[in-house]
Amino acid sequence: DEQIERERAAQHLAGGCCALSAIYLMGKFYVANAGDSRAIIIRNGEIIPMSREFTPETERQRLQFLALLRPELLGKEFTHLEFPRRIQPKELGKKMLYRDQNMNGWAYKKIEEDDLKFPLIYGEGKKARMMATIGVTRGLGDHDLKVFSSNIHIKPFLSCFPEVRVYDLTQYEHCPDDVLILGTDGLWDVTNDKEVAGAVMEVLTSYEPNDPCRYTMVAQELVVRSRGVLKERGWRLANDRLGSGDDISVFVIPLGGPGNYT
């Protein structure tokens, strides 16, 4: 993250990205995630999550706590409190559900002038945004990112520190059908873990266990299925839902070596 900042200053490069990495070391996989990409292990048909997404929803309390400690970061335009919907001026003095950095559930509070500010976190699911700008809360770069038409910087709320999960390969005897899947959000936006596992098993069983290209074909199939087919109403999946409009990158890494399997 610091290197990206140095390059930004020296070469006037802007931008940022999420990061998902897997390192194999002394019999263990270390999977580190900063952003909204995802990793899962499929072992004997079982799905084992190896990451979680970092979004305004999943990191709500961390973001609210930072905003409470440093209210100057909100630029007098945002409130760190969350409400079920945007509050209207005519609702001043009335009671409304809210939650702060210490709350999982909701409580009532009397609406005050400060509550009319735009909430730090607004929206649900893929539409959730922090400061009405960005939908991920960890990653690399984005040092210049600001709230639209303002001088409020987003970077103080973004974290470049990943969450790391460890998987010990020595604890299990893996077969060639056991794999680690790494995918960007373009895959997971339209495909859930169970659907990915089904596609993996479907493709793998159509190839010989010792055929190394079978893993490449799994990755290709996951990308193709998530993009869909171009029709009159845009890219569509097999169930006629909209295909992914985001970038889709997929890695399929075998956990079991080749052997005499039938």
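Residues numbered from 1 in each chain as written. Predicted model: local features only at pLDDT ≥ 70, side-chain atom pairs only at ≥ 80, totals over all residues. Heavy atoms only, no water.

*Asks:* If you had to explain the nonpolar core to someone new, which residues and values would you point to?
*Replies:* Val179, Ile181, Val196, Val200, Leu222, Val250 and Val252 are the most contacted members of the largest nonpolar core, which totals 19 residues. Broken down by secondary-structure element, the contributors of at least two residues to this core are β4 (38-43), β14 (179-183), α3 (185-188), α4 (193-204), α5 (213-227) and β17 (250-254). Sort the elements by how many residues they give to this core and α4 lands first, with six residues. The contact partners of Val252, leaving out residues within four places of it in the chain, are Val179, Leu180, Ile181, Tyr215, Val218 and Ala219. Core analysis: the next-biggest nonpolar cluster, separate from the first, contains 17 residues, Leu63, Met131, Val136 and Phe157 among them. (Core = buried A, V, L, I, M, F, W, Y, C linked by side-chain atoms within 4.5 Å. Buried < 20%, exposed > 50% of the residue type's maximum accessible area, 1.4 Å probe, protein only. Helix = DSSP H or I, 4+ residues; strand = E, 2+ residues; numbered from the N terminus. Contact = heavy atoms within 4.5 Å.)

*Asks:* Pulling in residues and values, what's your account of the sheet that holds strand β3 (residues 28-34)?
*Replies:* Pairing between the strands of a sheet comes from backbone hydrogen bonds, and it takes one of two forms, parallel or antiparallel. Overall, antiparallel pairing links the three strands, which are arranged β2-β3-β13 in an open sheet. Each having just a single partner strand, β2 (19-25) and β13 (163-168) make up the two edges of the open sheet. Strand-to-strand, the axes of this sheet are offset by a mean angle of 15 degrees, without reference to chain direction. Across six bridges, the pairing between β3 and β13 is antiparallel. Bridging from a neighbouring strand, Tyr30 pairs with Val166 of β13. (Pairing = 2+ DSSP bridges. Axes fitted to C-alpha atoms, helices over the stretch in contact; angles between N-to-C directions.)

*Asks:* An account of α4 is needed here, citing residue identities and associated values.
*Replies:* Here α4 is 12 residues long and its end C-alpha atoms lie 16 Å apart, about the 16 Å a rise of 1.5 Å per residue gives. Among all positions of α4, only Asp193, Val196, Ala197, Ala199, Val200, Val203 and Leu204 are buried. Across the axial projection of α4, the buried residues extend over an arc of 165 degrees, all falling on one side. Where α4 is buried, its residues contact β4, β5 (46-49), β14, α3 and α5. Sitting at the amino-terminal end of α4 is Asn192, which places a side-chain oxygen 3.1 Å from the backbone nitrogen of Lys194. (Expected span 1.5 Å × (residues − 1). Arc of directions from axis to C-beta. Polar contact = N/O pair within 3.5 Å; in protein donor to acceptor, adjacent residues only side chain to side chain.)

*Asks:* I'd like a description of the domain arrangement of the protein, backed by residues and values.
*Replies:* When the parts of a complex come together, some accessible area is lost, and that lost area is often taken as the interface size. The domain architecture assigned to the protein consists of domain 1 (1-52 + 162-254) and domain 2 (59-141). Distance between the C-alpha centres of domain 1 and domain 2: 32 Å. Taken residue by residue, the interface counts 14 residues in domain 1 and six residues in domain 2. When the two sides are added together, the surface that domain 1 and domain 2 hide from each other amounts to roughly 810 Å², 56% of it contributed by carbon and sulfur. (Domains from an automatic or database assignment. Buried area = accessible area lost by both parts, 1.4 Å probe.)

*Asks:* Outline the side chain of Asp142, supporting the account with residue identities and numerical values.
*Replies:* The residue Asp142 is located in the loop between β12 (140-141) and β13 in this model. Of the buried charged residues, Asp142 lacks a salt bridge, with Lys155 as the closest side chain of opposite charge at 6.7 Å. With sequence-adjacent residues up to four places away left out, Asp142 is seen in contact with Gly15, Gly16, Ile134, Lys155 and Leu158. (Lys, Arg positive; Asp, Glu negative; His and termini not counted. Salt bridge = Lys/Arg side-chain N within 4 Å of Asp/Glu carboxyl O.)

*Asks:* Tell me what's going on with the pairing of β3, and back it up with residues and numbers.
*Replies:* Taken across its seven residues, β3 has five buried, putting it largely inside the fold. Here β2 pairs with β3 via seven bridges, running antiparallel. Paired with Ile23 across the strands is Tyr30, a residue of β3. Count of turn residues in the β2/β3 antiparallel hairpin: two residues, of which Met26 carries a positive phi of about 50 degrees.

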